[in-house]
Amino acid sequence: MSLSTTQNLQQMMKQFSGSDHVLILINADPDAIASAMAFQRVLWRRVTRITISNVNTITRPDNMAMIRLLDVTLIHVTKIAPQDYTKVIILDSQPSHHESFRDFRFNVIIDHHEPDGTEAPFKDIRPEYGATASIMTEYLKTAKIKPSAKLATALFHGIKTDTNNFERMATNADIRAFQFLFRHANIHLARRIEQVDLRMNFLDWFKLAIEQKIVDSDRIFVHLGSVETPDICVLIADFFMRVNTVTWSIVSGFNNGRLVIILRNDGLRKDAGSVASKQFGNLGTAGGHKSMARAEIPIESLKTSLGNLEKKSVQEWIVNQINAIANQGPRDE
Ligand SMILES: [Mn+2]
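Residues numbered from 1 in each chain as written. Predicted model: local features only at pLDDT ≥ 70, side-chain atom pairs only at ≥ 80, totals over all residues. Heavy atoms only, no water.

*Asks:* What's the story with the pattern of salt bridges in this structure? I'm lost.
*Replies:* A side chain with one charge can pair with a side chain of the opposite charge if their charged atoms come near. Tallying each qualifying case throughout the model produces 13 salt bridges. Note that K87 is salt-bridged to D20, the shortest N-O span being 2.8 Å. Placement of K87 in strand β4 (residues 87-91) and of D20 in the loop between α1 (5-13) and β1 (21-26) is noted, with a sequence separation of 67 residues between them. When sorted by exposure, K87 lands in the same class as D20, which is buried. One continuous salt-bridge network, built from bridges that share partners, spans D124, R126 and E138. (Salt bridge = Lys/Arg side-chain N within 4 Å of Asp/Glu carboxyl O. Helix = DSSP H or I, 4+ residues; strand = E, 2+ residues; numbered from the N terminus. Buried < 20%, exposed > 50% of the residue type's maximum accessible area, 1.4 Å probe, protein only.)

Printed below as a string of structure tokens:
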């Protein structure tokens, strides 16, 4: 970075005056929500009004819990009047990332994705960072603001989410921010937010999955039929992996004109991603990593291939596709 954080903070603050009505636009996920909270705190009492607005619809239960438990007020972009605002900020995204951003001219862009080339009076884009929350934590520290427990918890959760608990790329800057936030965050609240991943009606899908599962030695399969969101298949596939003898978990459902198949394994055996692409890739899209994979097959190609879409036939077909390759020995390297 050519500018020091102090210079960055000064440059950034120069964009605002006391009469400003500030709009912060985000694609709401934990990192973006936390970054918006931090930005709001930095500008607190320095502008007339600050509104945080989300361009996406928030459906993930953990994000809903974060908003509720940390008292965040978000207004959907369709419910705001853009002309009421004198300054517009985008955090944890850039203007080309979502069509709803295109109608705005931004005064400030702060993000950690690769630069999309959009010009703005103030830009701070650091692709090497694991989270925008880490950048915003530096702004707080530089401004000598001690974050409230809720703000620190939000940033803490944002960094954990975007770095997948530091399993994904993170820099020393992310680690430093995390260490600082750890001292101020409410760890119980952070754990609670992290723990929430279900909606009440998902419990019915767990019941169905447990009742209808097929256990074939160390493999568990279940085809759920039509599901309201493929997230249900992901949650149940992860849930079955928690059974001590299970090495493969394959959960599928129909959603939005496709058969979605979620594959999980213990990471010791065959590569889930290559199993998915070998066995399902010819009918749709498939891929993933060593222990996690996903296939999506358009209903028409499945129907052509199977002859029908009955629950039983679909389930049998998936079991056969997996067993055909997974029985070929412990490793495919
Ligand atoms: Mn992010």
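*Asks:* Help me out: how do you make sense of the coordination of the manganese ion in this one?
*Replies:* Ideal geometry at a metal centre: 109.5 degrees between donors when four sit tetrahedrally, and 90 or 180 degrees when six sit octahedrally. Looking at the manganese ion, one finds its protein donor set to be D31 (OD), D92 (OD), H112 (NE2) and D162 (OD), positioned 2.0 to 2.2 Å from the metal centre. The sequence pattern formed by the donor residues of the manganese ion is D-x60-D-x19-H-x49-D. One end of the pair, D31, is in helix α2 (residues 30-43); the other, D92, is in the loop between β4 and β5 (108-111), with 61 residues separating them in the sequence. The same class applies to D31 as to D92, namely buried. (Donors = N, O, S within 2.8 Å, 3.2 Å for Na, K, Ca; no water.)

*Asks:* Could you clarify how one ought to interpret unusual backbone geometry in this entry?
*Replies:* Note on backbone geometry: most residues besides glycine have negative phi, and most peptide bonds are trans. Positive phi values are uncommon outside glycine, yet N164 reaches one of about 50 degrees. Structurally, N164 can be placed in the loop between α5 (149-162) and α6 (172-184). Even without glycine at this site, S217 takes up a positive phi of about 45 degrees. Relative to the assigned elements, S217 resides in the loop between β7 (214-216) and β8 (219-226). Among the residues examined, S217 registers a relative accessible area of 62% and is labelled exposed.

*Asks:* Just to check I follow, could you spell out α6 for this structure?
*Replies:* The α-helix advances 3.6 residues per turn, and as a result positions three or four apart in sequence lie on the same side. Across its 13 residues, α6 extends 19 Å between first and last C-alpha, which sits within 8% of the 18 Å expected from 1.5 Å per residue. The complete set of buried residues in α6 reads A173, D174, A177, F178, F180, L181 and H184. Along the long axis of α6, the arc covered by the buried residues comes to 165 degrees, so they all point the same way. Along α6, the residues that are exposed and aim more than 90 degrees away from the buried face are N172 and R183. Where α6 is buried, its residues contact α4 (132-142) and α5. (Expected span 1.5 Å × (residues − 1). Arc of directions from axis to C-beta. Contact = heavy atoms within 4.5 Å.)

*Asks:* Looking at this structure, I do not really get the pairing of β4. What am I missing?
*Replies:* A regular strand places its side chains on the two faces of the sheet in alternate fashion. For β4, a buried count of five out of five residues is recorded, marking the element as mostly surrounded by other parts of the structure. Neither face of β4 is open: one carries K87, I89 and L91, the other V88 and I90, and all of them are buried. The pairing of β1 with β4 spans four bridges and is classified as parallel. Bridging from a neighbouring strand, L25 pairs with I90 of β4. Two elements, β4 and β5, share three bridges in a ladder whose sense is parallel. When the sheet's bridge partners are listed, L91 is paired in β5 with I110. (Pairing = 2+ DSSP bridges.)

*Asks:* How should the sheet that holds β4 be read in this particular structure?
*Replies:* Across the sheet, which stays open at both edges, the six strands sit in the order β3-β2-β1-β4-β5-β6 with parallel pairing between neighbours. Only two strands of the sheet have a single neighbouring strand rather than two, namely β3 (75-76) and β6 (122-125). Sheet strands in contact with α2 are β1, β2 (49-54), β4 and β5, and its direction is about 165 degrees off that of β1. (Axes fitted to C-alpha atoms, helices over the stretch in contact; angles between N-to-C directions.)

*Asks:* Help me understand the nonpolar core, please; the structure alone is not making it clear to me.
*Replies:* It is characteristic of soluble globular proteins that their nonpolar side chains tend to be buried jointly. One finds M12, F16, I24, I26, F39, I110 and L155 to be the most contacted residues of the largest nonpolar core, which totals 53 residues. Among the elements that take part in this core, α2 stands out by supplying nine residues, more than any other. Once residues lying within four places of it in the same chain are set aside, the contact partners of L155 are A34, S35, A38, A133, M136, T137, L140 and L181. Ranked by size, the runner-up nonpolar core spans 23 residues in total, among them I250, I261, V275 and F280. (Core = buried A, V, L, I, M, F, W, Y, C linked by side-chain atoms within 4.5 Å.)

*Asks:* So what exactly am I meant to see when it comes to the environment of V77 here?
*Replies:* Along the chain, the position of V77 falls in the loop between β3 and β4. Of the residues examined, V77 reaches a relative accessible area of 13% and is grouped as buried. Separated by 24 residues in sequence, V77 and F101 place their C-alpha atoms 9.4 Å apart. Discounting chain neighbours no more than four positions away, the residues touching V77 are L25, S53, N54, V55, S100 and F104.

*Asks:* I tried to follow the domain arrangement of the protein on my own but got confused; where do I start?
*Replies:* One can read the domain layout of the protein as domain 1 (5-195) and domain 2 (206-326). Taking the mean C-alpha position of each, domain 1 and domain 2 sit 36 Å from one another. (Domains from an automatic or database assignment.)

*Asks:* Explanation requested: helix α10 (residues 272-280) in the structure shown.
*Replies:* Along α10, the residues that are buried comprise A272, G273, V275, A276, Q279 and F280. An end-on view of α10 places all buried positions within 165 degrees of arc, on one side of the element. Buried residues along α10 sit in contact with β9 (248-255), β10 (258-265), β11 (285-288), β12 (292-298) and α12 (311-326).

*Asks:* Explain the sheet that holds β7 to me, please; I cannot follow it from the model alone.
*Replies:* Adjacent strands of a sheet pair through backbone hydrogen bonds, lying either parallel or antiparallel. The strand order across the open sheet formed by six strands is β7-β8-β9-β10-β12-β11, and the pairing between neighbours is mixed. Since the sheet does not close on itself, it has two edges, and those belong to β7 and β11, each with one partner. Sheet twist, expressed as the average angle between the axes of neighbouring strands with direction ignored, equals 15 degrees. Summarising the sheet, β7 and β8 pair through three bridges and their orientation is antiparallel. Within the sheet, the bridge partner assigned to I214 lies in β8 and is F221.

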